[in-house]
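So the chains spell out like this:
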Amino acid sequence: MHLFLQLILLGSFISFNNADEIDVNGYLAYCPCMGRFGNQADHFLGALAFSKALNRTLILPPWVEYRKGEIRSRQVPFDTYFQVEPLQEYHRVILMADFMQRIAPQVWPEDKRVSFCYMERKTLAPNKSSKPDCHAKDGNPFGPFWDTYNISFVDSVFYSPLNFDIHHRAMATKWQEKFPASEWPVIPFTGAPASFPVQMENRELQRYLRWSPIYDEMRHTFIKNKLPIGAFIGLHLRNGIDWVRACEHVRDSQQLFASPQCLGYNNERGSIYFELCLPSKELIIRQIKRLIKSVKQSNPKNEIRSIFVAADANHMITELNTALSRMNVSTYRLDNDDPHLDLAILGMANHFVGNCVSSFSAFVKRERDVKGLPSYFWAFPKEKERHVRAHEEL
Ligand code: GFB
């Protein structure tokens, strides 16, 4: 009898000699193969919700990172940035390295490793077999990701027409019926079993993503040692060349990337416009000055003393310092590029202004929503509309 089936007959969880527990409800693995951190984080929340709905343990993938000049992606263990325990309050999870070392040898023999994709993916290698396949390891980051754990696949499954929207149409039951754990102890997806941007229903799962002790400590140290005592505003400026190019798509879209976070998932709060994606320097300075003044009025005992800027290209330090010198507010940034520390600090600011279109900003917004901290977006609502509304209110 298949080992996994035997385990199911014995009970839901089986303890082995070394007390490793096998989840007879099965496991779910995936490659965070699309985009950089913000995209992967959106996908992670969806994958977490999906694995809970299917009642399978989620194998926590490493974060996939790209370094300049390197042709293969780097895989950074999940717990470098986030704690594992808080996630367990929501659902069963296990680090991928732990799963491969302790569980895989018992439930996932090499000749049973079958990759899952929606439909056939074309191979990048011209000489490979023409049999329909997921080609789960073709290209970067796909190959380097699975290679990190010495995983190869012997076959493929196409799961079309099933999808990942477990909030509708009894989707989880359909997955369970079609791919029972007794037959499929591990489902390894070629990409994330989730949508981008994150589904509205899954946004609040952010509460289970808590910074690792090292990042938590680094952010506290930065705020304590580098920023003046008093309230600070965190800014996210997304203005690198990739972003400038991406913003050209605004013209022919209703939404772009993370924009539902301010426009609403059904454009309830309007359609996208250019400044929402790429605000001008003048608009940024205008909006910051307005925010500093409004905090001074609403909270005179805790005035803004400094600005912390996170950016992928231009931090605008000189421009901001010049513009804000009369208000006695100074501007700071990290000495060395560290996107995760940027995010962690932005999560603690008294106020935050982010880019509505960016999934990097979206991460901060969700973390702050969970904590009840205020956030705003560049150029939102549209300046003209705001003036009209202010006029109407007079
Ligand atoms: O995180 P991400 O998917 O956000 O990708 P967007 C942007 C990456 O740029 C981050 C760097 O993961 C960081 O590596 N980056 C952005 C930053 N902002 C900062 C910052 O403030 N500080 C630091 N240190 N690094 C979209 C993608 O990026 O960009 C799309 O979602 C597409 O897939 C598009 O590639 C052009 O959502 O902002």
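Residues numbered from 1 in each chain as written. Predicted model: local features only at pLDDT ≥ 70, side-chain atom pairs only at ≥ 80, totals over all residues. Heavy atoms only, no water.

You'll find the chain entered in an unreviewed UniProt entry as GDP-fucose protein O-fucosyltransferase 1, with Ceratitis capitata given as the organism. According to its UniProt record, the chain has this under Subcellular location (unreviewed entry): "Endoplasmic reticulum". As recorded by UniProt, the Pathway (unreviewed entry) comment attached to the chain reads in full: "Protein modification; protein glycosylation." (UniProt positions renumbered as here; feature names shortened; annotations may be inferred.)

Draft legend 1. Just the state of the cysteines, in detail. Within this structure, the stated rule accounts for four disulfides. At a sulfur-sulfur separation of 1.9 Å, the disulfide partner of C31 is C33. In this structure, the disulfide formed by C31 and C33 twists by about 80° around the S-S bond and is classed as right-handed. With respect to burial, C31 and C33 carry one shared label: buried. Between the sulfur of C262 and that of C356 lies a disulfide, 2.1 Å long from S to S. Judged by the sign of its S-S torsion, about -95°, the cystine formed by C262 and C356 is left-handed. Placement of C262 in helix α9 (residues 260-263) and of C356 in the loop between β14 (351-354) and α14 (359-371) is noted, with a sequence separation of 94 residues between them. Of the two residues examined, C262 and C356, each falls in the buried class. Across the chain, the way the bonded cysteines pair up, counted in sequence order, is 1-2, 3-4, 5-7, 6-8. (Disulfide = S-S within 2.5 Å. Buried < 20%, exposed > 50% of the residue type's maximum accessible area, 1.4 Å probe, protein only. Helix = DSSP H or I, 4+ residues; strand = E, 2+ residues; numbered from the N terminus.)

Draft legend 2. Inspection of the site of the ligand at higher detail. Near the ligand, the surroundings consist of 20 residues, among which G38, N39, R238, S358 and S359 are the closest. Contact distances for the ligand include 2.7 Å between an oxygen atom and a backbone N or O atom of G38. Calculation on the ligand without its partners gives an accessible area of 710 Å², and the protein chains cover 87% of this total. Looking at the shell around the ligand, the elements that each hand over two or more residues are α2 (37-54), α8 (241-246), β12 (304-311), α13 (339-346) and α14. Classifying every residue of the shell around the ligand gives eight nonpolar, five polar and seven charged. Each of two domains, domain 1 (27-201) and domain 2 (212-377), supplies a minimum of three residues to the shell around the ligand. (Near = heavy atom within 4 Å. Polar contact = N/O pair within 3.5 Å; in protein donor to acceptor, adjacent residues only side chain to side chain. Areas by Shrake-Rupley, 256 points an atom, 1.4 Å probe, with all protein chains shown as cover. Nonpolar A, V, L, I, M, F, W, Y, C, P; charged D, E, K, R; others polar. Domains from an automatic or database assignment.)

Draft legend 3. Fine view of the sheet that holds strand β15 (residues 375-377). On the basis of which strands lie adjacent, the open sheet formed by five strands has the order β13-β12-β11-β14-β15 and parallel pairing. Looking at the sheet topology across the chains shown, the edges are occupied by β13 (330-332) and β15. Each strand of the sheet is rotated relative to its neighbour by a mean of 20°, with strand direction disregarded. In terms of strand pairing, strand β11 (residues 231-237) meets β12 through seven bridges, oriented parallel. Of the residues in β12, the one forming a bridge with G234 is F308. Along the sheet, α13 contacts β11, β12 and β14; its crossing angle with β12, the most-contacted strand, is approximately 145°. Across the sheet, α14 lies against β11, β14 and β15, angled at about 155° from β14, the strand it touches most. (Pairing = 2+ DSSP bridges. Axes fitted to C-alpha atoms, helices over the stretch in contact; angles between N-to-C directions. Contact = heavy atoms within 4.5 Å.)

Draft legend 4. Structural view of the confidence of the model for the chain. Averaged over the chain, the pLDDT score is 93; the fraction of residues at 70 or greater is 92%. Predicted confidence is poor over residues 15-19, with pLDDT under 50, and the contacts of this stretch with residues over four places away or in other chains come to five contacts. (pLDDT = per-residue confidence, 0-100.)

Draft legend 5. Seen up close, the packing of aromatic side chains. Going through the model one piece at a time under the given rule, you end up with 36 aromatic pairs. Plain terms: the ring middles of F37 and F82 are 6.2 Å apart, the flat faces sit at 20° to each other, and that makes the pair stacked. Taken as a pair, F37 in helix α2 and F82 in the loop between β6 (74-76) and α3 (85-88) lie far apart in primary sequence, 45 residues in all. Three or more aromatic residues joined by ring pairs make a cluster, and in this case those are F37, F44, W63, F78, Y81, F82, W211, Y215 and F363. (Phe/Tyr/Trp six-rings, centres within 6.5 Å; stacked < 30°, edge-to-face > 60°.)

Draft legend 6. Examining the nonpolar core more closely. F44, L60, F78, F82, W175, F179 and F189 are the most contacted members of the largest nonpolar core, which has 61 residues in total. Looking at this core, the element that brings in the most residues is α2, giving nine residues. Residues from two domains meet in this core; each of domain 1 (27-201) and domain 2 (212-377) gives at least three. The contacts of F44, once residues within four sequence positions are left out, are Y30, L58, L60, W63, F78, L87 and L209. Listed in part, the 23 residues of the second largest apolar core include A29, W108, A136 and F153. (Core = buried A, V, L, I, M, F, W, Y, C linked by side-chain atoms within 4.5 Å.)

Draft legend 7. Geometry of the domain arrangement of the chain. Assigned domains within the chain: domain 1 (27-201) and domain 2 (212-377). Taken together, the 18 residues of domain 1 in the interface contact 16 residues of domain 2. Contact with domain 2 buries surface across domain 1, with F37, Y81 and P197 losing the most and accounting together for 34% of the total. The interface formed by domain 1 and domain 2 holds two salt bridges in total. (Buried area = accessible area lost by both parts, 1.4 Å probe. Salt bridge = Lys/Arg side-chain N within 4 Å of Asp/Glu carboxyl O.)

Draft legend 8. Looking closely at the pattern of salt bridges. Scanning all chains against the criterion turns up 21 salt bridges. Residue D147 pairs with R72 through a salt bridge whose shortest N-O separation is 3.2 Å. With D147 in helix α5 (residues 142-147) and R72 in the loop between β5 (63-65) and β6, this pair connects stretches of sequence that are 75 residues apart. Relative accessible area serves as the criterion here: at 48%, R72 is assigned to the partly exposed category. With a shortest N-O distance of 3.2 Å, D155 and K131 are connected by a salt bridge. Here D155, found in strand β9 (residues 155-158), pairs with K131, found in the loop between β8 (114-117) and α5; they are 24 residues apart in sequence, far enough to count as distant.

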